[in-house]
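What the coordinates show
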Amino acid sequence: AKKPEPRLRTKWDTEELWLRREFTIPDSGVEAPRLLVRTDAAFEAYVNGVLAASTDMNRSGYYGYTLPPDAVAALKPGR
């Protein structure tokens, strides 16, 4: 059976869409962090101002990205 698509919660009626998400990193840190992106267009994702992942391809679906070392370094324990 086909898995149902999640309900989209962000209205997108412009050429660009800017989203901000907050998350918490435990004091022990995280091992091999990855970014999971659901997209149907090109995107750029940043972690605390550092480019973490991007693509200029227009493709649809979920894609996992390994964070580059400078993006991993930008992850700090806490909120």
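Since this is a predicted model, take the numbers as computed values, not measurements. (Residues numbered from 1 in each chain as written. Predicted model: local features only at pLDDT ≥ 70, side-chain atom pairs only at ≥ 80, totals over all residues. Heavy atoms only, no water.)

Time to look at the packing of aromatic side chains. In this structure the tally under the stated criterion is one aromatic pair. Plain terms: the ring middles of Phe43 and Tyr65 are 5.4 Å apart, the flat faces sit at 75° to each other, and that makes the pair edge-to-face. Of the two residues, Phe43 is situated in strand β2 (residues 43–47) and Tyr65 in strand β4 (residues 61–66); the sequence distance between them amounts to 22 residues. (Phe/Tyr/Trp six-rings, centres within 6.5 Å; stacked < 30°, edge-to-face > 60°. Helix = DSSP H or I, 4+ residues; strand = E, 2+ residues; numbered from the N terminus.)

A few words on the confidence of the model for the protein. Atomic detail in the predicted coordinates should be set aside for any region of low pLDDT. Chain-level statistics for the protein give a pLDDT mean of 86 and a share of 89% at 70 or above. Within the protein, the element-level pLDDT minimum falls on strand β1 (residues 34–39), averaging 88, and the maximum on helix α1 (residues 69–73), averaging 94. (pLDDT = per-residue confidence, 0-100.)

Attention now goes to the pattern of salt bridges. A side chain of one charge can pair with a side chain of the opposite charge if their charged atoms are brought near each other. Counting across every chain of the model gives one salt bridge. Between Glu22 and Arg79 there is a salt bridge; the shortest N-O distance is 2.4 Å. Here the residue Glu22 occupies a position in the segment before β1, and Arg79 occupies one in the segment after α1, the gap between them amounting to 57 residues. (Salt bridge = Lys/Arg side-chain N within 4 Å of Asp/Glu carboxyl O.)

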